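# A structural walkthrough
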Amino acid sequence: MAWSIAEVVRMSGVTSRTLRHYDEIGLLPPAGIGSNGHRFYEEAGLLRLQRILLMRELGLGLREIRRVLDEHTDPVSALREHHGRLREERDRLDTLVRTVERTIAELEEGKDDNDMAKINRPENLFEGLEHTAEEDSEARERWPEAWEEARQSRETMTDADQEAWQREATAQMVRLAEFMVAGTPADDPVVQAETEAHYRGICRFWTPNAEAYRGLARTYVDDPRMRANFDRIAEGLAAYQRDAMLAYAEAHLS
């Protein structure tokens, strides 16, 4: 049985433009092209598309997806692997739900006379969040050589090194959220000092130029998953971080 590209769009929610792009890069070729010039897909193509979308949900870039598909030809074993990773992601999201619920409770219970919320343990704000994974995804898609350099650098880190780096990244986000709540402009020197630390932290793994750093900044707002991660902490934090990074790129990287 075969399905037209329009039927695949309807079933999967993937746009026809995306399907054509997947065909152009050799990721998902159609089973054939009809006399009318329209692509059509058979069952094997639908199963391959499902695997692509599963891996996209897990944060993999198209290059890595292509590698995985080329290396894993047994669809059952591949789906078992995806299933395991999805269960891990479900557990992470459950943790994230608890994080947000705890934050809501603290904000509602901890308001002072000026209606300013107090948070007792700010490190708990970030349990379950993986903003660094999203930064990796952006780098992998747009700057594959830089991402490979970052991957190799990260492999040299010990568990203690990675834990210390994550703690500092969390502390930076807390400080930035505090500046935003206080109404400090994104280009203020104190905010730019935090942005400098953010940039230097990224440079431990790959070194973005002005264009790359601006591109990463914009994904914090443009990518719904990344924006949601920031805005769960404080509404508008994604845009505030973006503006601080754009200002930093203009002043120091251009």
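Shown above is the structure to which this text applies.
Residues numbered from 1 in each chain as written. Predicted model: local features only at pLDDT ≥ 70, side-chain atom pairs only at ≥ 80, totals over all residues. Heavy atoms only, no water.

Turning next to helix α10 (residues 210-222). Over its 13 residues, α10 runs 18 Å from end to end, which matches the ideal 18 Å to within 8%, given 1.5 Å per residue. The N-cap of α10, judged by a side-chain oxygen 3.2 Å from the amide nitrogen of Glu211 a few residues on, is Asn209. (Helix = DSSP H or I, 4+ residues; strand = E, 2+ residues; numbered from the N terminus. Expected span 1.5 Å × (residues − 1). Polar contact = N/O pair within 3.5 Å; in protein donor to acceptor, adjacent residues only side chain to side chain.)

Moving on, we get to the nonpolar core. Counting residues in hydrophobic clusters, the biggest one holds 28 residues, and the most contacted among them are Tyr213, Leu237 and Tyr240. Broken down by secondary-structure element, the contributors of at least two residues to this core are α8 (159-181), α9 (189-203), α10, α11 (224-233) and α12 (237-253). With 7 residues, the single largest contributor to this core is α12. Excluding residues that lie within four positions of it along the chain, Tyr213 makes contacts with Thr195, His198, Tyr199, Ile202, Pro208, Met245, Tyr248, Ala249 and Leu253. Listed in part, the 18 residues of the second largest apolar core include Trp3, Ile5, Met55 and Val68. (Core = buried A, V, L, I, M, F, W, Y, C linked by side-chain atoms within 4.5 Å. Buried < 20%, exposed > 50% of the residue type's maximum accessible area, 1.4 Å probe, protein only. Contact = heavy atoms within 4.5 Å.)

Any two packed helices are characterised by how steeply their axes cross, that is the angle between the axes, and by the distance between the axes. Relative orientation of the contacting elements α10 and α12 amounts to 170°, with a least axis distance of 8 Å. Relative to α12, α10 is oriented roughly antiparallel. Between α10 and α12, the residues in contact are Ala210, Tyr213, Arg214, Leu216, Ala217, Arg218, Tyr220 and Val221 and Ala238, Ala239, Gln241, Arg242, Met245, Leu246, Tyr248, Ala249, Glu250 and Leu253, respectively. (Axes fitted to C-alpha atoms, helices over the stretch in contact; angles between N-to-C directions. Parallel < 35°, antiparallel > 145°, perpendicular 65-115°, else oblique.)

Here the focus is the environment of Arg175. Inspection of the secondary structure assignment puts Arg175 in helix α8. In the structure, Arg175 is positioned 19 residues away from Glu194 in sequence and 7.9 Å away in space, judged by C-alpha atoms. With sequence-adjacent residues up to four places away left out, Arg175 is seen in contact with Glu168 and Glu194.

What links the strands of a sheet is backbone hydrogen bonding, and the strands pair in either a parallel or an antiparallel sense. Spatially, 3 strands are ordered β1-β3-β2 in an open sheet, and the strand pairing comes out antiparallel. In this open sheet, the two strands that pair with only one neighbour each are β1 (2-4) and β2 (32-33). As judged from the 3 bridges shared by β1 and strand β3 (residues 39-42), these two strands associate in the antiparallel manner. Within β3, the residue paired with Trp3 across the bridge is Tyr41. Running over the sheet, helix α3 (residues 43-57) touches β1 and β3 and is turned about 85° from β3. (Pairing = 2+ DSSP bridges.)

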